[in-house]
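Reading the structure
This is what each chain is made of:
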Amino acid sequence: MNWTEYLPPLLEGAWVTVQLTVYSMVLGALLSFAAGIGKLSPNWAIKGLSVVYIEIFRGTSLLVQLFWLYFALPLVGDLIGINLRLPPVIAGVLALGLNIGAYGAEVVRGSLQAVPVAQLETARALNFTRRQTLWRVALPQALPEMMPPFSNLAVQNLKDTALVSLISLGDLAFRAEQIRNFTQDSVTVYTIILFMYFGMALVLASFVRGLEFWVSRWRARA
Amino acid sequence: MLFGYEWVTGQGDLAFAASILPMLLLGLVVTIQATVAGFFIAVILGLIFAALRQSRFRVVRYVTGFVVEFLRDTPLLVQLFFLYYVLPEFGIVLPAFMTGALALGVQYSAYTSQVYRAGIEAVPPGQREAARALDLTERRTFTHVILPQAIPRIIPALGNYAVSIMKDVPILSVVTVLEVLNVAKIIGDQTFNYLVPFTMVGALYLVLTLIASYLVRLLDRALPKTGLPLR
Amino acid sequence: MSEPIIRFDKVVKRFGALTVLDRLDFTVQPGEKVSIIGPSGSGKSTVLRILMTLEPIQEGTIWVDGHPLWHEERDGRLVPASEAHLREMRKLLGMVFQQFNLFPHMTVLRNITEAPIAVLGMSKQEARERAMELLELVGLADQADKFPHQLSGGQQQRVGIARALAMRPKIMLFDEPTSALDPELVGEVLTVIGKLAHEHDLTMLLVTHEMRFAREVSDRVCFFDQGRMVEEGPPDQLFTEPREARTREFLKAVLAPQE
C-alpha cells in the first residue's frame, strides 16, 4: 500500500476532528462565559454552581471525564430510569466542551476582573444597571485580553479531540490507528497525521488571531 | 481479581467501592510515578530547548523554535503512539511506562521551555544594564543577577505544569500502563459496573489536584519575589 | 434663601480607621457654582464621590433636591437606600472625572449616546442629535467618529463633560477635571467649564487646584482640610482676606510664584 492511499481515510478522519473541534469549541465558549460571569455573580447560588463546575472539570482529567460520560453515565440513567446512553459523538463533544469551558471560565473571570475600576464607576455614575455595565462596558474591554489565552485553549481543544478515538469515534487519530493496524507502517502514518494536526493547529491559531484583531479594533495600534 | 485483591459484588455499592479502593490506590501510585518521571524529563528537555533557542547560530534557533512549536501543537496521544510504535523500529525497546513518561516529558518540554524563557525575560532589563555598569562578566551576570530573580517566577509555573502532567497520565492507559484510570476501566470491564470505579477515580483526582495546587501556592508564597540568595 | 439643592447633615465618612469626613455640614443652593479647594487628603474629592453614590457614608444624612441620597423614607424613618432609590437619585447628578474615564471601545459619539439610549430610553435619532449639539458646545463636532485614544487629553475631557451633560443632570460634579492634563491643554477645558457656569443654571460643584479659575467662576469657595470645612465665602473675600490661619497658609503655598 502506497502512502498516498492513506490520505482518503485520513482526510475523512480529519473532517471528523474538525467538526468535533468546532462543536466543542462553541459549547466550551458558551460555558466559559456563563461560568466565568457566574463566578463573579452576587447571587450565591449562581456563584456556587459556577465554582463547583469549574473546580470539578479543572480538577479531574479529561479522559476520566470522557470515560465517565460514556461508560458510567448510562448506569446513572439506569438507576433513575432514563436512557443516558450517549452516542460517542455526543459524549465526545460534551466532555471536550465541558472540560475546555472550565478552563475558559477562569480566563473570562480574570479578564473581567482586570477591567479598570474607574470604568465600572463611570458606568455607575451614568446610571447603567449591573447587566448593562457587564455587556456594554466590561465585556467589550475584557474580550481582547481573553484572546491570547483562548488561542492556547483552542489548540489544546483540537489536540484533546484525539482522545475520542478511545471511545471508537472515527476521528483522525482513530483512522491512523486503523491504518497502522492494517499496514504496520507506523512511521509514515504517524508522521502524516502529526503534520496534519500541526497544520490544523496553525489554521486554528490564525483564526483566533483574526478574532483578536476584530475584537480589539478600537484599540490604539503601535 | 487485580493485584491480588478481590472485588466484592452483590453486596451494594459501598462494599464494592471499599473492595476496589486498594486497587485504585495502587493505580494512583503508578499515576504519581509517571507524573514525576514525565515532569523530570520535561524539566530537563525544556531547559535544553530553552538553551538552544539562545544559540549563536540562527539555524539552531529556528529549528528549535519549530520543533517546540510542533511538539506543542500536536496531541500527546499521537506523540505517544508515535514513540510506542516507531522507537522499536529503530531498535529502541522501552517498557510501556518509560515510553509513556517519555511522551509526557516530550510534550511538556514545549511548555517548560517557554516557562524558562518567560522567567528570564521577566527580569527587568535595568538589572542587566546595572550588572554591565558594574563590569560583571556575562556569565556572572547570568548566574548571580538574572537567575536568582528568574527562578522564583519559574518554579511555580513549572509546578502548575506538573499538575497538568498528572491530569494527562490516564492517556498512558492506551499503551497498557496500569495507572488509576486503566485500573478502573479493567474493574468496570470485569464487573460491568463503571459508575463506581470511574466516580472514585474522579474523586481521587479532585483530591490530588487540590493538594497539588495548594502545594504550588505554598511554594509560590515561600519564594522571595525579590530574588533567591544563591551562593 | 430658597431650599438648598444639596445639604450634608453631620456626614461621617471613614476608610477603615481613617476618618475622611468628620461630621460635615455643607449646603449648596440651586444654580450655585461652588469650588472646593484644599490640600490632597482633605476629603474634597470624597465629597463628590459620595454625592455620585460611588462611596457610601457611615453616619449622617445627605439631602439632594429634597430627598435623602443614601437613605429612603419608610414609615417616617430613614433606612439605608435600595439600589432602585440610588438609581433614581443618580439621575440628578453628572460627574466629570480627573482621568476622563471615557469608554475606550466606543467612538466619541457612542460615548455620549450610550447612556441616554440605554438608561433614559431615548431614541437613537434623538440621542445622536443631542450628542451633536453637546459636541458643538464643547467644540468637538468634527471628532464624533474618532476613538478616545485618537484625541488629546483636553479633547477627551471635553467629551467627558458632554457625556455627563447628555444625561441632563441638575447638578454637575467636576473632580479635578484638569489635574491630569498637560499645562497647555488646561485652558480649553476650563473655557468649556466657564461657559457652562456663565450660560447655564446648572448647579456646579468643582474640586480644583486652579485657584485663578475657581476665583473667576465660583459664587462661593470652600476650603477643606483634614475632613472638615475650615472656611467658606465669596471668592474675593476668601482669596484676598481669609479669616483662618490654615486657609492663609494653604493659599500662600499654592499661590507662591513658581521658581
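Regarding the overall build of chain A
Looking only at helices and strands, chain A features eight helices and zero strands. What you see in chain A, going N to C, is helices and strands ordered as α-α-α-α-α-α-α-α. C-alpha atoms of chain A, sized along the principal axes, occupy 70 × 55 × 20 Å. Nonlocal contacts in chain A, meaning residues at least 24 apart in sequence, comprise 77% of its contacts between residues at least 6 apart. Carbon and sulfur atoms make up 68% of the accessible area of chain A, which amounts to about 10,200 Å² in all. Taken as two groups, the 16 positive and 12 negative side-chain charges of chain A have centres that lie 14 Å from each other.

What about the interface of chain A and chain B?
Each partner contributes residues to the interface: chain A has 38 residues there, and chain B has 36 residues. A buried area of about 3,200 Å², summed over both sides, lies between chain A and chain B, and 76% of it is on carbon and sulfur atoms. Its largest share of buried area at the contact with chain B, chain A owes to A:Lys159, A:Leu194 and A:Phe198, together 19% of the area lost on that side. In this assembly, chain A and chain B are joined by zero salt bridges. If you tally residues by element for the side of chain A that touches chain B, the top one is helix α8 (residues 186–215) of chain A, at eleven residues. Grouping the amino acids of the side of chain A that touches chain B by side-chain chemistry returns 25 nonpolar, eight polar and five charged.

Here's the deal with empty space enclosed by the protein
Taken as a whole, this structure holds four cavities of 30 Å³ or more when the rule is applied. Looking at the largest cavity, its volume works out to about 80 Å³. A:Gln156, A:Lys159, A:Asp160, A:Leu163, B:Pro75, B:Leu76, B:Leu77, B:Gln107, B:Asp168 and B:Ile171 together form the lining of the largest cavity. Ranked by residues supplied to the lining of the largest cavity, first place goes to helix α6 (residues 130–160) of chain A with three residues. Here the second largest cavity is characterised by a volume of approximately 50 Å³. Residue lining of the second largest cavity: A:Thr122, A:Ala125, A:Leu126, C:Leu93, C:Gly94, C:Met95, C:Phe97, C:Arg163, C:Ala164 and C:Met167, and that is the complete set. Per-element accounting of the lining of the second largest cavity gives the leading share, three residues, to strand β8 (residues 93–96) of chain C. Classifying every residue of the lining of the second largest cavity by side-chain character gives seven nonpolar, two polar and one charged.

Some details on the interface of chain C and chain A
The accessible area lost on association of the parts is a frequent measure of interface size. If you look at the interface, chain C gives 26 residues, while chain A gives 19 residues. Summed over both partners, the interface of chain C with chain A buries about 2,100 Å², with 58% contributed by carbon and sulfur atoms. In this assembly, chain C and chain A are joined by three salt bridges. Ionic pairing is found between C:Glu83 and A:Arg124, a salt bridge with its closest N-O pair at 3.9 Å. Where the side of chain C that touches chain A is concerned, the elements lending two or more residues are α2 (83–90) and α3 (108–118) of chain C. When residues in the side of chain C that touches chain A are grouped by element, the largest group, four residues, is from α2(C). Looking at the side of chain C that touches chain A residue by residue, the classes come out as 15 nonpolar, four polar and seven charged.

Focus on the pattern of salt bridges
Evaluated as defined, the whole model comprises 26 salt bridges over all chains. The salt bridge involving A:Glu106 is made with A:Lys39; its shortest N-O contact spans 3.2 Å. With a gap of 67 residues between them, A:Glu106 in helix α4 (residues 88–113) and A:Lys39 in the loop between α1 (7–38) and α2 (44–59) connect regions that are remote in the sequence. In this structure A:Lys39 comes out as buried when scored by relative accessible area, which is 17%. For C:Arg220, the salt bridge goes to C:Glu32, with nearest N and O atoms at 2.7 Å. Taken together, the residues C:Arg220 in strand β11 (residues 220–225) and C:Glu32 in the loop between β2 (18–28) and β3 (33–37) connect sequence positions 188 residues apart. C:Glu32 carries the same exposure label as C:Arg220, and that label is buried. Look at the salt bridges and you will find they share partners, linking A:Glu121, C:Lys13, C:Arg49 and C:Glu55 into a network.

Topic: the sheet that holds strand β9 (residues 171–175) of chain C
All names here are of chain C. One open sheet holds the six strands; their spatial order is β8-β9-β10-β3-β11-β12, and the pairing between them is mixed. Each edge of the sheet is formed by a strand with only one pairing partner; in this case those strands are β8 and β12 (228–233). The sheet shows a mean angle of 20 degrees between the axes of neighbouring strands, taken without regard to direction. Sheet topology places β11 next to β12; five bridges connect them, and they run antiparallel. Its bridge partner lying in β12, aspartate 225 is registered against arginine 228. Of the strands in this sheet, β8 and β9 are in contact with helix α5 (residues 153–165), which crosses β8 at around 175 degrees.

Let's talk about the environment of A:Ser206
Mapped onto the fold, A:Ser206 is located in helix α8. Residue class for A:Ser206 comes out partly exposed when judged on its relative accessible area of 37%.

Comments concerning unusual backbone geometry
With the exception of glycine, the majority of residues adopt a negative phi angle, and the majority of peptide bonds are in the trans configuration. Phi is positive for A:Asn127, which is not a glycine, with a value near 70 degrees. Structurally, A:Asn127 can be placed in the loop between α5 (117–125) and α6. Judged by its relative accessible area of 3%, A:Asn127 falls in the buried class. Positive phi outside glycine occurs at C:Thr53, with the angle close to 60 degrees. Of note, C:Thr53 is situated in the loop between α1 (44–51) and β4 (59–64).

Details of the pairing of strand β6 (residues 71–74) of chain C
Along a regular strand, successive side chains alternate from one face of the sheet to the other. All names here are of chain C. Here β6 runs beside strand β7 (residues 77–80); their pairing, made up of four bridges, is antiparallel. Residue pairing for β7: glutamate 73 is matched across the bridge by leucine 78. Counting the residues in the hairpin turn of β6 and β7 gives two residues, including aspartate 75, whose phi is positive at 55 degrees.

Focus on the layout of surface pockets
Roughly 1,600 Å³ of volume is contained in the largest pocket. Every residue lining the largest pocket is counted, 50 residues in all, and those nearest its centre are A:Arg58, A:Tyr103, A:Leu153, B:Tyr161 and B:Ser164. Sorting the residues of the lining of the largest pocket by element identifies α2, α4, α6 and α8 of chain A together with α2 (58–73), α4 (96–121), α6 (138–168) and α8 (195–222) of chain B as the ones contributing at least two each. It is α6(A) that contributes the most residues to the lining of the largest pocket, ten residues altogether. Looking at the lining of the largest pocket residue by residue, the class counts come to 24 nonpolar, 13 polar and 13 charged. Looking at the second largest pocket, it is lined by 21 residues, and the ones nearest its centre are A:Leu40, A:Arg130, A:Arg131, A:Thr133 and A:Leu134.

Cut-offs and rules
- Residues numbered from 1 in each chain as written.
- Chains lettered and ligands numbered in written order.
- Predicted model: local features only at pLDDT ≥ 70, side-chain atom pairs only at ≥ 80, totals over all residues.
- Heavy atoms only, no water.
- Helix = DSSP H or I, 4+ residues; strand = E, 2+ residues; numbered from the N terminus.
- Contact = heavy atoms within 4.5 Å.
- Areas by Shrake-Rupley, 256 points an atom, 1.4 Å probe, with all protein chains shown as cover.
- Lys, Arg positive; Asp, Glu negative; His and termini not counted.
- Charge placed at Lys NZ, Arg CZ, Asp CG, Glu CD.
- Buried area = accessible area lost by both parts, 1.4 Å probe.
- Salt bridge = Lys/Arg side-chain N within 4 Å of Asp/Glu carboxyl O.
- Nonpolar A, V, L, I, M, F, W, Y, C, P; charged D, E, K, R; others polar.
- 1 Å grid on protein atoms, 1.4 Å probe; cavity = no way out; pocket = protein on both sides within 12 Å on 5 of 7 lines; lining within 4 Å.
- Points joined across faces, edges and corners; volume = space filled by probe spheres on them.
- Buried < 20%, exposed > 50% of the residue type's maximum accessible area, 1.4 Å probe, protein only.
- Pairing = 2+ DSSP bridges.
- Axes fitted to C-alpha atoms, helices over the stretch in contact; angles between N-to-C directions.

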